[in-house]
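Results of the structural survey
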Amino acid sequence: MLNFEFQNPTKIIFGKDQIAKLSSEIPENSKVLMVYGGGSIKKNGVYDQVSDALKEFDVTEFGGIPANPEYAVLLEALEIIKTKDIDFILAVGGGSVIDGVKFLSGAATFEGDEPWDILSKGIRTYKGMPFGAVLTLPATGSEMNSGSVITREETKEKRVMGGPGLFPKFSILDPQVVHSIPKRQIANGLVDSFSHVIEQYLTYPVAAKLQDRIAESVMQTLIEVAPKVMENPSDYDAASDFMWSCTMALNGLLRVGTPNDWSTHMMAHELTALYGIDHARTLAIIHPSQMKYTFEDKKEKLAQYAQRVWNITEGTLEEKAKMGIKKTEDYFHSLQIDTKLSDYTDAYENTSEIVKKRFEERNWKGLGERQNITPEDAGKIVALSY
Ligand code: NZQ
Ligand code: ZN
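Just so it is clear, the model here is predicted, and its values are computed rather than measured.

Some remarks on the pattern of salt bridges
- For the structure on display, the rule yields 21 salt bridges.
- Of the charged contacts in the structure, one is a salt bridge between Glu157 and Arg159, with a shortest N-O distance of 3.3 Å. Each of the two residues, Glu157 as well as Arg159, counts as buried.
- Where Glu376 meets Lys380, a salt bridge forms, and the shortest distance between an N and an O atom there is 4.0 Å. Taken together, the positions of Glu376 and Lys380, both in helix α15 (residues 375-384) and four residues apart, correspond to about one turn of that helix.
- Overall, the relative accessible area of 44% leaves Glu376 in the partly exposed class.
- Taken together, the shared-partner salt bridges connect Arg184, Asp278 and Arg281 into one network.

Below, the structure is given as structure tokens:
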């Protein structure tokens, strides 16, 4: 096991009807900015529950954060934070709203002139404005981590930011919210969380048995509840396992003491930036090609994954490893998620060149757990995904 430090300060409040606890989690006399997305919370009762819980607070609302939170929209919210002396932000939504709020938290305390620098120059946030979250969509794990991904339509960019100051103070996870999520988004959540585990697990063995077993159990749980939650999102037990698995997939626990990959996410983000394809679907496009391209580096863990997660007991190490890739593709397909870029856009042909060039411009020399995926390799992996 590799050396590590681990600290996750986010308080999780999990379960039925827990949104009412909001009032005791936000510091008294706070001036709160409540941030939400395109309006799903007004149709499923979450808005009413949050409004009820915030009765005693001075609250300003900011709705309209789009999926893939947009920089220009966030700047409008930042202006409100400044003019209204806001001192606490509440995110009510999925990963996009929570990520948007993390950007606001970092930008509100940022001392430079151009908040985009936080993203383009990789400036970490050590102390942000305090914020909490009411999660409405299990997927990203943003509710219990300190990362954020922001989109800028003007330049077709999607960039990451983070830092120890960007953990939510608390996140409320009521699995009942799953009942109103469209099937397409549930499938996205199942794939995104699965991908988060893969990025931290399908690397090379470092004798981290416990992290391996936790990762495998998160994947097995997702696979087991996937058909149930797709069929009936009101199944509370399935929704609970789904929600908690998504949080566990990316709250830092799997990452510690192990090598981490994340190259699939980096390539996939470019596909969302260029073509607006849902985050999870871009992962489903890149993962199989990336696994095939890096097969020699990953085959030990791929074989272990095939055996322990998919019960592939026959064959050589290589054969098992290949079955692991096939099973992953089959899993994505079982959720009606296509795995080729050409399934999503006709304009795919130059994508490999564009991704390669962007990675070169950002001076990203080597991605992946061995830092050996060059911009050229990234271009080739993207081409394999056409
Ligand atoms: O905007 P509203 O109207 O609320 O509708 C949303 C949105 O259209 C809807 N929705 C959410 N909860 C719902 C609901 N509809 C009905 N009932 C509910 N209970 O779902 C749509 C998608 O929401 P969004 O927040 O965009 O989805 P998700 O949670 O998948 O977040 C995706 C974003 O997170 C980033 C992605 O890149 C993408 O921008 N990621 C963030 C990460 C992190 N911070 O750690 C890691 C991930 O790898 C990922 O990159
Ligand atoms: Zn993701």
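A few points about the packing of aromatic side chains
- Summed over the entire model, instances satisfying the criterion amount to eleven aromatic pairs.
- Both rings, one in Tyr71 and one in Phe103, keep their centres 5.7 Å apart while their planes meet at 75°; by these two values the pair is edge-to-face. One end of the pair, Tyr71, is in helix α4 (residues 71-83); the other, Phe103, is in helix α5 (residues 95-108), and 32 residues separate them in sequence.
- Given the relative accessible area of 0%, Phe103 is considered buried.
- In this structure an aromatic cluster arises from ring pairing among Phe194, Trp310, Tyr331 and Phe332.
- The ring centre of Tyr47 lies 4.8 Å from the NZ or CZ of Lys42, which sits over that ring.

Looking at the packing of helix α8 (residues 209-231) against helix α9 (residues 236-249)
- Between α8 and α9, the shortest axis-to-axis distance is 9 Å and the interhelical angle comes to 145°. Of the two elements, α8 crosses α9, and the hand of that crossing is left-handed. Only Ala238, Ala239, Asp241, Phe242, Ser245, Met248 and Ala249 of α9 make contact with α8, whose side of the interface consists of Val218, Thr221, Leu222, Val225, Lys228 and Val229.
- The residue makeup of the contact of α8 with α9, split by class, is nine nonpolar, two polar and two charged.

Considerations on helix α14 (residues 351-361)
- When we look at burial in α14, the residues that qualify are Thr351, Ser352, Val355, Arg358 and Phe359. End-on, the buried residues of α14 take up no more than an arc of 135°, which puts them together on one face. Within α14, the exposed residues directed more than 90 degrees away from the buried face are Lys357 and Glu361.
- Within two residues after α14, Asn363 carries a phi angle of roughly 65°, on the positive side.

Points about α15
- Within α15, the full set of buried residues consists of Pro375, Asp377, Ala378, Gly379, Ile381 and Val382.
- Close packing links the buried residues of α15 with α10 (263-275), α11 (279-293) and α14.

Looking at the nonpolar core
- Leu22, Val50 and Leu190 are the most contacted members of the largest nonpolar core, which totals 96 residues.
- Apart from the residues lying within four places of it in its own chain, the contact partners of Leu22 are Val50, Ala53, Leu54, Leu90, Val134, Phe170 and Ile172.
- Formed by 16 residues, the second largest nonpolar core is a distinct cluster that contains Leu271, Ile286, Val355 and Val382.

Considerations on the sheet that holds strand β5 (residues 131-135)
- Strand order across the open sheet formed by six strands is β1-β8-β5-β4-β2-β3, with parallel pairing between neighbours. The open sheet has two free edges, formed respectively by β1 (11-14) and β3 (58-62), since each of these has just one partner strand. For this sheet the average axis-to-axis angle between neighbouring strands, irrespective of direction, equals 20°.
- Of the strand pairs in this sheet, strand β2 (residues 31-36) and strand β4 (residues 88-93) are connected by five bridges, and their pairing is parallel.

Re the site of ligand 1
- Near ligand 1, the surroundings consist of 33 residues, among which Gly38, Ser40, Gly95, Ser96 and Asp99 are the closest.
- Interatomic distance of 2.9 Å between a side-chain N/O atom of Asn145 and an oxygen atom of ligand 1.
- Summarising the interface, the protein chains cover 88% of the accessible area of ligand 1, which totals 960 Å² for the free molecule.
- Those elements that place two or more of their residues in the shell around ligand 1 are α5, β6 (147-152), α7 (183-201) and α10.
- When grouped by side-chain class, the residues that make up the shell around ligand 1 number nine nonpolar, 21 polar and three charged.

Calculation rules
- Residues numbered from 1 in each chain as written.
- Chains lettered and ligands numbered in written order.
- Predicted model: local features only at pLDDT ≥ 70, side-chain atom pairs only at ≥ 80, totals over all residues.
- Heavy atoms only, no water.
- Salt bridge = Lys/Arg side-chain N within 4 Å of Asp/Glu carboxyl O.
- Buried < 20%, exposed > 50% of the residue type's maximum accessible area, 1.4 Å probe, protein only.
- Helix = DSSP H or I, 4+ residues; strand = E, 2+ residues; numbered from the N terminus.
- Phe/Tyr/Trp six-rings, centres within 6.5 Å; stacked < 30°, edge-to-face > 60°.
- Lys NZ or Arg CZ within 6 Å of the ring centre and 35° of its normal.
- Axes fitted to C-alpha atoms, helices over the stretch in contact; angles between N-to-C directions.
- Left-handed = near helix turned anticlockwise from the far one by under 90°.
- Contact = heavy atoms within 4.5 Å.
- Nonpolar A, V, L, I, M, F, W, Y, C, P; charged D, E, K, R; others polar.
- Arc of directions from axis to C-beta.
- Core = buried A, V, L, I, M, F, W, Y, C linked by side-chain atoms within 4.5 Å.
- Pairing = 2+ DSSP bridges.
- Near = heavy atom within 4 Å.
- Polar contact = N/O pair within 3.5 Å; in protein donor to acceptor, adjacent residues only side chain to side chain.
- Areas by Shrake-Rupley, 256 points an atom, 1.4 Å probe, with all protein chains shown as cover.

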